[in-house]
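Structural features, examined
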Amino acid sequence: ILEGCRQTKVGHLVYASSSSVYGMNAKIPFSTEDRVDFPISLYAATKKSNELMAHAYSHLYDIPTTGLRFFTVYGPWGRPDMAYFSFTKKILAGEAIDVFNNGQMERDFTYIDDIVEGVVRVMDR
């Protein structure tokens, strides 16, 4: 994609990244100013590497780039292994929900329609 942007002289590249790049960052809330050098999954490492490559292409070939870090996108066509699906299934079945980290875990979720609207708004600017 980056090489295609360079060859076609794209005006501005908007690309998807992930909140996973924050990895072991303990400061909450996260900030775009936070270091993201400690990924804790291969997925996070690939997203970080995508951001680094976009930054390098931006610098080397004068291609403006905007990376959007999404936080746990959910919606009707979501992955069935996501927590909200298993929570809902267990609630409807009258079963207990598994609680991890002594209930101290927090997570942000973003509805897919909000992601799409945000991407469209960024592209319009």
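Structural data are supplied above this passage.
One structure accompanies this document, and this report is about it. (Residues numbered from 1 in each chain as written. Predicted model: local features only at pLDDT ≥ 70, side-chain atom pairs only at ≥ 80, totals over all residues. Heavy atoms only, no water.)

Some details on the overall build of the protein
Within the protein, the secondary structure is distributed over 4 helices and 4 strands. Each helix and strand of the protein, placed in order from N terminus to C terminus, yields the pattern α-β-α-β-β-α-β-α. What you see for the protein is a C-alpha radius of gyration of 18 Å, clearly larger than the 14 Å of a compact globule of 125 residues, by over 25%. Overall, the protein is about 55 × 30 × 20 Å in size when its C-alpha atoms are taken along their principal axes. Considering the protein as a whole, with its 125 residues, one finds that 20% of them fall into the buried category. Sequence separation of at least 24 residues holds for 65% of the intrachain contacts in the protein that already meet a minimum separation of 6. If the 13 positive side-chain charges of the protein are averaged to one point and the 15 negative ones to another, these points end up 4 Å apart. (Helix = DSSP H or I, 4+ residues; strand = E, 2+ residues; numbered from the N terminus. Rg over C-alpha atoms; globule rule 2.2 N^0.38 Å. Buried < 20%, exposed > 50% of the residue type's maximum accessible area, 1.4 Å probe, protein only. Contact = heavy atoms within 4.5 Å. Lys, Arg positive; Asp, Glu negative; His and termini not counted. Charge placed at Lys NZ, Arg CZ, Asp CG, Glu CD.)

Considerations on the packing of aromatic side chains
Using the criterion set out here, one finds 9 aromatic pairs in the structure. Counting every residue linked through ring pairs, the aromatic cluster contains Tyr74, Tyr84, Phe85, Phe109 and Tyr111. If you follow Arg6 out to its NZ or CZ, it ends over the ring of Tyr61, 5.1 Å from the centre. (Phe/Tyr/Trp six-rings, centres within 6.5 Å; stacked < 30°, edge-to-face > 60°. Lys NZ or Arg CZ within 6 Å of the ring centre and 35° of its normal.)

Some words on the pattern of salt bridges
Under the defined criterion, the tally for this structure stands at 8 salt bridges. Close ionic contact of Asp81 with Arg79 constitutes a salt bridge, the shortest N to O distance being 3.0 Å. Residues joined by salt bridges that share partners form a network here, namely Arg35, Asp37 and Lys48. (Salt bridge = Lys/Arg side-chain N within 4 Å of Asp/Glu carboxyl O.)

So, the pairing of strand β2 (residues 65-70)
The pairing of strand β1 (residues 13-18) with β2 spans 6 bridges and is classified as parallel. In the sheet register, Ser18 faces β2, and the bridge partner there is Phe70. Note that the unit made of β1, helix α2 (residues 42-61) and β2 has a crossover that is right-handed. (Pairing = 2+ DSSP bridges. Right-handed = clockwise from strand over helix to strand, strands pointing away.)

A closer look at the environment of Ile115
When you line up the elements, Ile115 lands in helix α4 (residues 112-124). The spatial distance from the C-alpha of Ile115 to the C-alpha of Phe71 is 9.4 Å, given a sequence separation of 44 residues.

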